[in-house]
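Residue strings, one per chain:
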Amino acid sequence: MSSVSAQSSPGSRLRDLRPDWLSDPKVWRTEVLAGLVVALALIPEAISFSIIAGVDPAVGLFASFTMAVVISIVGGRRAMISAATGAVALVIAPLNREHGFGYLVAAVILAGVFQIALGALGVAKLMRFIPRSVMVGFVNSLAILIFMAQVPEMHDVPWPVYPLIAAGLALMVFFPKVTTVIPAPLVSIVILTVITVAAGIAVPTVGDKGALPSSLPVPGLPDVPFTVDTLTTIAPYAFAMALVGLMESLMTAKLVDEITDTHSSKTRESIGQGIANIVTGFFGGMGGCAMIGQTMINVKVSGARTRLSTFLAGVFLMVLCIVFGPVVSDIPMAALVAVMVMVCFATFDWHSIAPKTLKRMPAGEITVMVVTVACVVATHNLAIGVVAGSVTAMVIFAKRVAHLAEVTAVTAPDGTSVVYTVTGELFFASSNDLVGQFNYTADPKTVVIDLSAAHIWDASSVAALDAIETKYAQRGKSVEIIGLNDASADLHGKLTGELASH
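Just so it is clear, the model here is predicted, and its values are computed rather than measured.

**Some words on the sheet that holds strand β4 (residues 417-426)**
Phase 1: Ordered in space as β3-β4-β5-β6, the four strands form an open sheet in which the pairing is mixed. The sheet is open, and its two edges are formed by β3 (406-411) and β6 (478-482), each paired on a single side. Sheet twist, expressed as the average angle between the axes of neighbouring strands with direction ignored, equals 20°.
Phase 2: Note that β3 and β4 share six bridges and pair antiparallel. Opposite Val407, over in β4, you have Val422 as the bridge partner.
Phase 3: Helix α21 (residues 459-473) rests against β4, β5 (446-456) and β6 of the sheet, and its axis sits at about 175° to β5.
Phase 4: Lying on the sheet, helix α22 (residues 486-495) is in contact with β5 and β6; it crosses β5 at an angle near 120°.

Following this line, the structure appears as structure tokens:
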């Protein structure tokens, strides 16, 4: 074989490094159309979140534009959509109301700095401690929240809204059976818009949500005094925004990993979210994080898989607002409501609530899922639900493991000694019951505690062993602890005798 054929040429190596959408027309078409659908769905959401935050609609739209464009470059999860979100709006709304828009922008920038710092410190590694039952609860609760957000658009509206929503859902269900070349949500939006405009049907439209911007955002510094007082004012809001934004983004990234069966860098995503928020702040945006509903439209409904769809979602958003503002304003909200309802059904994990699944699932797992969903629905905050679900899972796990520590006693034939064999994990929960499992009065003078089948995890366990020795010593009996593994022996050696209360 010649050296030419044995080695790939520089040109072929460059072709191998090219993104899929550059070499595959089908991928290109999917990504472009997905970006367009997401951009259309972003407009009313961004305007709504602007209202929640108490700012001009353009602020939310600018934030969605800059977040999507920047995260498409620096983010760690391909095809995930970041934009202005309700969770972030709720966190920073009080700051804007009490101190003004300049402080809000400054908080967005500081939140970005916090996110970069947290990402660099490895906060993404905490994702491994989130159980599957919490993840299922997270998915189901976000589907419920997305649906609940559509309810106001179906209440106290002209009657044509309802058949339009039904028609939109029917189009998205049956159109893919005809062809998947064009995303069904885009077809639904276009057809319903044409029908309402051509027939002159009076229904709520995107334009009713607020005025669309007519120019691109201009970068600048926040209009606040650069003092320590300003920093202390915005820091709590910025830190809360950083935590909420990271949690929603990392949970969404994990969800997309499962849907696409691919891996993403959570550390890069954390730092990328920070960079995107800093850029957004300097462009006068309200900040944001991963947007779950639009991500599901992009990944699950439209089939996007690359950064191009995320980038184009932001670009199309501004093009639609600035160039095609009048046309976009005529899109009936019913069309977008239909899209989001379809997203709800596609997102919800129906298998998790099937009777067959519930019969087989341990009660603790079901409890964790229910707690997660209940907290999210009650607070409208996914981060609170995830924390509550994770804490519940930890408590259930600790309670379960606590009962795994068993103590058995074997007295020597001559009655001069007794050997207690401890089996299981010794930590704060299980060690609390350990002290009560010894017969201090009736036992012989020599007591041996064999920990060959146990492991000491914390100071509570060492303190429990010290208490056992003390109780025997008060009765003139000696205790010998044997069988400690290296880690347990090291911890016991450092702490024994040092934990007595005063």
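Once the structure has been displayed, the description carries forward.
**Observations regarding the side chain of Arg77**
Phase 1: Following the sequence through the fold, Arg77 ends up in the loop between α5 (57-74) and β1 (82-83).
Phase 2: Excluding anything up to four places from it in sequence, Arg77 contacts Ala253, Val256, Asp257, Thr260, Thr262, His263, Ser264 and Glu269.

**Here we look at the packing of helix α4 (residues 25-53) against α5**
Phase 1: Following both chains from N to C, one finds α4 and α5 inclined at 125°, their axes separated by 7 Å at the closest point. Classed by the angle they form, the pair α4 and α5 counts as oblique. Note on packing geometry: the crossing formed by α4 with α5 is right-handed. On α5, the residues touching Ile43, Ala46, Ile47 and Ser50 of α4 are Pro57, Val59, Gly60, Leu61 and Ser64.
Phase 2: Of the residues belonging to the contact of α4 with α5, the class tally is six nonpolar, three polar and no charged.

**Describing the pattern of salt bridges**
Phase 1: Counted under the stated rule, the structure contains four salt bridges.
Phase 2: Close ionic contact of Lys209 with Glu153 constitutes a salt bridge, the shortest N to O distance being 2.4 Å. Here Lys209, found in the loop between α10 (184-199) and α11 (228-260), pairs with Glu153, found in the loop between α8 (132-150) and α9 (161-178); they are 56 residues apart in sequence, far enough to count as distant.
Phase 3: Its relative accessible area of 17% is what places Glu153 among the buried residues.
Phase 4: Residues Lys266 and Asp257 are paired through a salt bridge, measuring 2.5 Å at the closest nitrogen-oxygen approach.
Phase 5: Judged by its relative accessible area of 15%, Lys266 falls in the buried class.
Phase 6: Judged by relative accessible area, which is 11%, Asp257 ranks as buried.

**Let's talk about the packing of aromatic side chains**
Remark: the centre distance and the inter-plane angle together describe each pair of aromatic rings, the angle taken between the planes.
Phase 1: Summed over all chains, the structure comprises eight aromatic pairs.
Phase 2: Relative to Phe438, the ring of Tyr420 has its centre 4.4 Å away and its plane inclined at 50°; by these criteria the two rings are tilted. Here Tyr420 is found in strand β4, whereas its partner Phe438 is found in the loop between α20 (428-434) and β5, with 18 residues between them in sequence. For the pair formed by Tyr420 and Phe438, the shared burial category is buried.
Phase 3: By relative accessible area, which is 7% here, Phe438 ends up buried.

**What to know about the environment of Ala398**
Phase 1: Along the chain, Ala398 falls in helix α19 (residues 382-402).
Phase 2: Separated by 29 residues in the primary sequence, Ala398 and Phe427 have C-alpha atoms spaced 9.0 Å apart.
Phase 3: Non-local contacts of Ala398, meaning those with residues more than four positions away in its chain, are made with Phe427 and Ala429.

**A closer look at helix α7 (residues 101-120)**
Phase 1: Over its 20 residues, α7 runs 29 Å from end to end, which matches the ideal 28 Å to within 8%, given 1.5 Å per residue.
Phase 2: The element α7 is largely enclosed, with a buried count of 14 among its 20 residues.
Phase 3: Where α7 ends, the next residue or the one after it, Gly122, has phi of about 90°, a positive value.

**Brief notes about the packing of α11 against helix α12 (residues 266-282)**
Helix-helix packing is described using two parameters, namely the angle between the two axes and the distance between the axes.
Phase 1: With their axes 10 Å apart at the nearest point, α11 and α12 run at an angle of 135° to one another. It follows from the interaxial angle that α11 and α12 lie oblique. Every pair of crossing elements has a handedness; the one defined by α11 and α12 is right-handed. Across the interface between the two elements, Met241, Leu246, Ser249, Leu250, Ala253, Lys254 and Asp257 of α11 pack against Lys266, Glu269, Ser270, Gln273 and Asn277 of α12.
Phase 2: Grouping the amino acids of the contact of α11 with α12 by side-chain chemistry returns four nonpolar, four polar and four charged.

**Considering the confidence of the model for the protein chain**
Phase 1: A residue-level look at the protein chain finds 94% of positions with pLDDT of 70 or above and a mean pLDDT of 88.
Phase 2: Note that pLDDT drops below 50 for residues 1-8; the model gives that stretch two contacts with residues more than four away or on any other chain.

**Observations concerning unusual backbone geometry**
Phase 1: Even without a glycine there, the phi angle at Ala79 is positive, about 75°.
Phase 2: Summarising the element assignment, Ala79 is placed in the loop between α5 and β1.
Phase 3: On the basis of relative accessibility, which here comes to 2%, the residue Ala79 falls in the buried class.
Phase 4: Even without being glycine, Asp261 reaches a positive phi, approximately 55°.
Phase 5: Mapped onto the elements of the fold, Asp261 is located in the loop between α11 and α12.

**Observations concerning the pairing of β4**
Phase 1: What sits between β3 and β4 in their antiparallel hairpin is a turn of five residues, with Gly415 showing a positive phi close to 75°.
Phase 2: Crossover connection from β4 via α20 to parallel β5: handedness right-handed.

**Side note on the environment of Pro204**
Phase 1: Mapped onto the fold, Pro204 is located in the loop between α10 and α11.
Phase 2: Separated by 43 residues in the primary sequence, Pro204 and Val161 have C-alpha atoms spaced 8.2 Å apart.
Phase 3: Once residues lying within four places of it in the same chain are set aside, the contact partners of Pro204 are Val157, Pro158, Val161, Pro332 and Met333.

**Considering a nonpolar patch on the surface**
Phase 1: There is a patch of nonpolar side chains on the surface, built from Val319, Val323, Phe324 and Val327 and spanning about 340 Å² of accessible area.
Phase 2: Among the secondary structure elements, Val319 is positioned in helix α14 (residues 307-322).

**Some remarks on α21**
An α-helical turn contains 3.6 residues, so any two residues separated by three or four positions project in the same direction.
Phase 1: Under the 1.5 Å per step criterion, the end-to-end length of α21 is 21 Å for 15 residues, consistent within 8% with the ideal 21 Å.
Phase 2: Elements that come into contact with the buried residues of α21 comprise β4, α20, β5, β6 and α22.

Cut-off values and rules
- Residues numbered from 1 in each chain as written.
- Predicted model: local features only at pLDDT ≥ 70, side-chain atom pairs only at ≥ 80, totals over all residues.
- Heavy atoms only, no water.
- Pairing = 2+ DSSP bridges.
- Helix = DSSP H or I, 4+ residues; strand = E, 2+ residues; numbered from the N terminus.
- Axes fitted to C-alpha atoms, helices over the stretch in contact; angles between N-to-C directions.
- Contact = heavy atoms within 4.5 Å.
- Parallel < 35°, antiparallel > 145°, perpendicular 65-115°, else oblique.
- Left-handed = near helix turned anticlockwise from the far one by under 90°.
- Nonpolar A, V, L, I, M, F, W, Y, C, P; charged D, E, K, R; others polar.
- Salt bridge = Lys/Arg side-chain N within 4 Å of Asp/Glu carboxyl O.
- Buried < 20%, exposed > 50% of the residue type's maximum accessible area, 1.4 Å probe, protein only.
- Phe/Tyr/Trp six-rings, centres within 6.5 Å; stacked < 30°, edge-to-face > 60°.
- Expected span 1.5 Å × (residues − 1).
- pLDDT = per-residue confidence, 0-100.
- Right-handed = clockwise from strand over helix to strand, strands pointing away.
- Patch = residues over 30% accessible without salt bridge, like charges linked within 9 Å, V, L, I, M, F, W, Y side chains within 5 Å.
- Areas by Shrake-Rupley, 256 points an atom, 1.4 Å probe, with all protein chains shown as cover.

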